[in-house]
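Structural characterization, general
The chain contents come next:
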Amino acid sequence: MKKIGTISKKIILLNETTLGSVGKTNNQIIKNFTEIGIKILEADFGFAWWKFSSADEYQLAYKSPTTPYNPPLPKKRAGNYIALKTKKPYFDHVKEEHLRSFIIIPIWHGKYVYGNLVLSYKKPHKFTADEITLAQAIGNSAAQAITIHRLLGEQIFLEQQRTKMEFMANATHELRTPLAIMRGNIDLALMDKKNLKVAWGALSAVNSEVNILSDILKDLSLLTSGQKAKNLVKNFPVNLSSLLARTVVRTKILAKKKSIRIELKQRATRVFVEGDEQYLEEKLFLNIIKNAITYGKEGGHIWIELGKNTDFAIVKISADGIGIAKKELPKIFGR
């Protein structure tokens, strides 16, 4: 084994291992610190006993390729017990077939003990003051890397939960509109029982809304099953002209109840953008138009204009309802 020079070089190497452990798995971190411990303290081989959760028994998490035997479980009253109790490296000498000296370095943070590293020497080894200091530094650095790893894991988990909760809240909100449209069309069909054309049109509209509800529920089930939300959004060329025309047809049944007239003026035809057609319709245009109906006045008016310039498609939606209070305007792009 090539020897490392001064203690400062060893500390630098240890710090590099700590930094390099960010983003690694538990097993990779344990392996890295076992190997760097062997290198820094010039041991012959090493292994790590670990508790992957507080309920786990100690298990062999890693042993170096140079380890000449399968390490036995640590004894409760032996050096392992002393190292964990004192939370300091334990140094000892034995006369066994494969080793004469060894160090047990406990890895702990706060009240929680993660495990320990065992670094072994085939020949008797006299431990210097610098090596005692380095052993403590290895334990502290390993504990720091594992703690950061676990905190990052908890943060990612909490972020995933927050995303799921937001998505479910959005989905609950979005389910209301198709249901309201379905109810309106069913009411229309029931009111005019003799006119089959009206009933057929209403049932056709209900069928379309059922398909939309199915898509929303599919998105919800994908997210709650653990798949990434980015897989739900698909970008394709979208014809805004036909999308807006379809959205107006869908919302007319809601507007009719308040005698609100929706007028679509297309200053340009065949306006295409890259996007997800379902998301543009459900999360953007349908949401805005439904709000305009909800907060519109009886017998009111909603105007929708579609145009374009060299770089952009332009959609303008206006209404003669109560409007939005000035202090609320900064919040309009929130959930």
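Here the structure is shown first, and the text comes after it.
Conventions and cut-offs
Residues numbered from 1 in each chain as written. Predicted model: local features only at pLDDT ≥ 70, side-chain atom pairs only at ≥ 80, totals over all residues. Heavy atoms only, no water. Helix = DSSP H or I, 4+ residues; strand = E, 2+ residues; numbered from the N terminus. Contact = heavy atoms within 4.5 Å. Areas by Shrake-Rupley, 256 points an atom, 1.4 Å probe, with all protein chains shown as cover. Buried < 20%, exposed > 50% of the residue type's maximum accessible area, 1.4 Å probe, protein only. Arc of directions from axis to C-beta. Pairing = 2+ DSSP bridges. Axes fitted to C-alpha atoms, helices over the stretch in contact; angles between N-to-C directions. Parallel < 35°, antiparallel > 145°, perpendicular 65-115°, else oblique. Left-handed = near helix turned anticlockwise from the far one by under 90°. Nonpolar A, V, L, I, M, F, W, Y, C, P; charged D, E, K, R; others polar. Core = buried A, V, L, I, M, F, W, Y, C linked by side-chain atoms within 4.5 Å. Expected span 1.5 Å × (residues − 1). Bend = angle between axes of the 7 residues up to and from the residue. Polar contact = N/O pair within 3.5 Å; in protein donor to acceptor, adjacent residues only side chain to side chain. Phe/Tyr/Trp six-rings, centres within 6.5 Å; stacked < 30°, edge-to-face > 60°.

1. Comments concerning the overall build of the protein
A tally of regular secondary structure across the protein gives seven helices and ten strands. Considering only contacts within the protein whose residues lie at least 6 apart along the sequence, 65% involve residues at least 24 apart. Carbon together with sulfur atoms contributes 58% to the accessible area of the protein, which is approximately 20500 Å² in total.

2. Describing helix H3 (residues 79-86)
Along H3, the positions that sit buried rather than exposed are Gly79, Asn80, Ala83 and Leu84. Viewed end-on, H3 has its buried residues packed into an arc of 130°, placing them on one side of the element. In this fold, the buried residues of H3 make contact with strand E3 (90-93), strand E4 (101-109) and strand E5 (112-121). Note on H3: the residue one or two positions beyond its end, Lys87, has a positive phi of about 60°.

3. Notes on the pairing of strand E1 (residues 45-50)
Within E1, six of the six residues are buried, which leaves it mostly tucked inside the rest of the structure. Bridge analysis of E1 against E5 gives six bridges, and the strand direction is antiparallel. Within E5, the position partnered with Phe47 by the bridge is Val118.

4. Here we look at the packing of helix H6 (residues 240-256) against helix H7 (residues 277-294)
Close contact between H6 and H7 brings their axes to 10 Å; oriented N to C, the two are set at 40°. For the element pair H6 / H7, the angle class is oblique. Read as a crossing pair, H6 and H7 show a hand that is right-handed. Every residue of H7 that contacts H6 at Leu240, Leu243, Leu244, Arg246, Thr247, Arg250, Thr251, Leu254 and Ala255 is listed here: Glu277, Leu280, Glu281, Glu282, Phe285, Leu286, Ile289, Lys290 and Ile293. Partitioned by chemical class, the residues of the contact of H6 with H7 number ten nonpolar, two polar and six charged.

5. Description of unusual backbone geometry
The backbone phi angle of Glu42 is positive, close to 55°, even though this residue is not glycine. For Glu42, the position within the fold is in the loop between helix H2 (26-40) and E1. Even without a glycine there, the phi angle at Ser259 is positive, about 55°.

6. A few points about the environment of Ile253
Within the element layout of this structure, Ile253 appears in helix H6. Ile253 gets classed as buried once you look at its relative accessible area, which sits at 12%.

7. As for the nonpolar core
Within soluble globular proteins, side chains that are nonpolar tend to cluster in buried spots. Counting residues in hydrophobic clusters, the biggest one holds 28 residues, and the most contacted among them are Phe33, Leu41, Trp50, Ile105, Ile107 and Leu117. Contributions of two or more residues to this core are made by H2, E1, E4, E5 and helix H4 (129-191). Broken down by element, the residue count for this core peaks at eight residues, all from H4. For Trp50, the contacting residues outside a window of four places in its chain are Ile30, Glu57, Tyr58, Gln59, Ala61, Ile107, Tyr114, Gly115, Asn116, Leu117, Ile146 and Arg150. Judged by nonpolar contacts, the second largest core, of 21 residues, contains Leu240, Ile253, Ile260 and Leu306.

8. Section: H6
For H6, which comprises 17 residues, the first-to-last C-alpha distance of 24 Å matches the rise-based estimate of 24 Å (1.5 Å per residue) to within 8%. Of all bends in H6, the biggest is about 35°, found at Arg250. The residue sitting at the N-terminus of H6 and contributing the capping side-chain oxygen is Asn239; that oxygen lies 2.9 Å from the backbone nitrogen of Ser241.

9. A look at the packing of aromatic side chains
Scanning the model with the defined rule gives five aromatic pairs in all. With a centroid separation of 6.5 Å and 75° between ring planes, the pair formed by Phe47 and Tyr69 is classed as edge-to-face. Pair noted here: Phe47 is in strand E1 and Tyr69 is in the loop between strand E2 (59-63) and H3, with a separation of 22 residues, a long-range link. Considered together, Phe47 and Tyr69 belong to a single accessibility category, that of buried residues. Pairing Tyr121 with Phe127 gives two aromatic rings, centres 5.6 Å apart and planes at 75°, and the pair type is edge-to-face. Under the relative-accessibility criterion, Tyr121 is labelled buried at 3%. A relative accessible area of 15% places Phe127 in the buried class. An aromatic cluster is defined as three or more aromatic residues linked by ring pairs; in this entry it consists of Phe45, Phe47 and Tyr69.

10. Remarks on the sheet that holds E3
Spatially, E2-E1-E5-E4-E3 is the arrangement adopted by the five strands of the open sheet, whose pairing is antiparallel. Among the strands making up the open sheet, the edge pair consists of E2 and E3. The mean inter-strand angle of the sheet, taken between neighbouring strand axes irrespective of direction, is 20°. Helix-sheet contacts for H2 involve E1, E2 and E5, and the interaxial angle to E1 is about 145°.

As far as function goes, none of this settles anything; it's purely spatial.
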